[in-house]
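Okay, here's what each chain looks like letter by letter:
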Amino acid sequence: MTDDKKISVTRTIDASTSQVWDVLSNPQKHPQLDGSGFVISDDRTDRITENGQTFRMNMSGDHMGGDYQTDNHVTGYDEHKLLAWQTAPADTPPPGWEWMWELDAEGADATQVTLTYDWSKVTDPELLQKISFPLVPESALEDSLGNLAEAVSG
């Protein structure tokens, strides 16, 4: 589903919510999940365990002129159900885009996972002029769900 300022994709993954959560809440696994190709590695991060936590990632992309780092501020945390964060260039406040993973158990061994990329809170006119949203296409979100399915089965 795509609207003006948000993209959501959903897929059922053959794994328990606990197995899916174990992968999603570990930033070391995020490069393996990333369908955009921007995430290179985590930067000495801990497992995500609460709202308000920040984790840093090493990234690379032409839109930022090559290698860069992001701070990801956890904005939603409900164990085995919801994990969300707002991303910002390292050492800066989040400009408003958010990533959200929602998990819904479908029995003991399957989880419906919805991944949402939401830039509706981006209000800085200069940033909106510089970045052509969505920076990450729907196909990359679909790829991320496929990568998650592979990560939990392997």
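Going by the structure above, here's the rest.
One structure accompanies this document, and this report is about it. (Residues numbered from 1 in each chain as written. Predicted model: local features only at pLDDT ≥ 70, side-chain atom pairs only at ≥ 80, totals over all residues. Heavy atoms only, no water.)

### Quick look at helix α1 (residues 17–24)
Put simply, the rule is: Three exposure classes are used, based on accessible area relative to the maximum for each residue type with a 1.4 Å probe and protein chains only: buried under 20%, partly exposed in between, and exposed over 50%. The way it works is that DSSP assigns letters per residue, a run of H or I at least four long becomes a helix, a run of E at least two long becomes a strand, and they are numbered from the N terminus. Picture the helix axis, draw a direction to every C-beta atom, and the arc is the one those directions span.
Residues of α1 that are buried include every one of Thr-17, Val-20, Trp-21, Val-23 and Leu-24, and no others. Projected onto a plane normal to the axis of α1, the buried residues spread over an arc of 160° and lie on a single side.

### What to know about unusual backbone geometry
Phe-133 connects to Pro-134 through a cis peptide bond whose omega is 0°. Considering the arrangement of structural elements, one finds Pro-134 in the loop between α3 (125–130) and α4 (138–153). Although it is not a glycine, His-80 sits at a positive phi angle of roughly 70°. Note that His-80 resides in the loop between β5 (66–78) and β6 (82–89). Although it is not a glycine, Asp-91 adopts a positive phi angle of roughly 65°. With relative accessibility at 66%, the residue Asp-91 sits in the exposed group.

### Some details on the environment of Lys-6
Turning to its location among the elements, Lys-6 is positioned in strand β2 (residues 6–13). Sequence separation of Lys-6 and Thr-116 is 110 residues, and the distance between their C-alpha atoms is 6.9 Å.

### A word on α4
As a reminder, the rule being used: Multiplying 1.5 Å by the residue count of a helix minus one yields the expected span of that helix. We call two residues contacting when some pair of their heavy atoms lies within 4.5 Å.
For α4, spanning 16 residues, the distance from its first C-alpha to its last is 23 Å, which sits close to the expected 22 Å at 1.5 Å a residue. Within α4 the residues assigned to the buried category are Ala-140, Leu-141, Ser-144, Leu-145, Gly-146, Leu-148, Ala-149, Ala-151 and Val-152. Summarising the contacts, the buried residues of α4 are in contact with β2, α1, α2 (30–33), β7 (98–105) and β8 (111–118).

### Side note on the pattern of salt bridges
Here is the rule we go by: The working definition used for a salt bridge is a side-chain nitrogen of Lys or Arg within 4 Å of a carboxyl oxygen of Asp or Glu.
Per the counting criterion, the structure on display carries 5 salt bridges. Salt-bridge contacts for Asp-71 lead to Arg-56; the nearest nitrogen and oxygen are separated by 2.6 Å. Here Asp-71, found in strand β5, pairs with Arg-56, found in strand β4 (residues 54–61); they are 15 residues apart in sequence, far enough to count as distant. Residue class for Asp-71 comes out buried when judged on its relative accessible area of 8%. What makes Arg-56 partly exposed here is its relative accessible area of 21%. Each of Arg-56, Asp-71 and Asp-91 takes part in a single network of salt bridges with overlapping partners.

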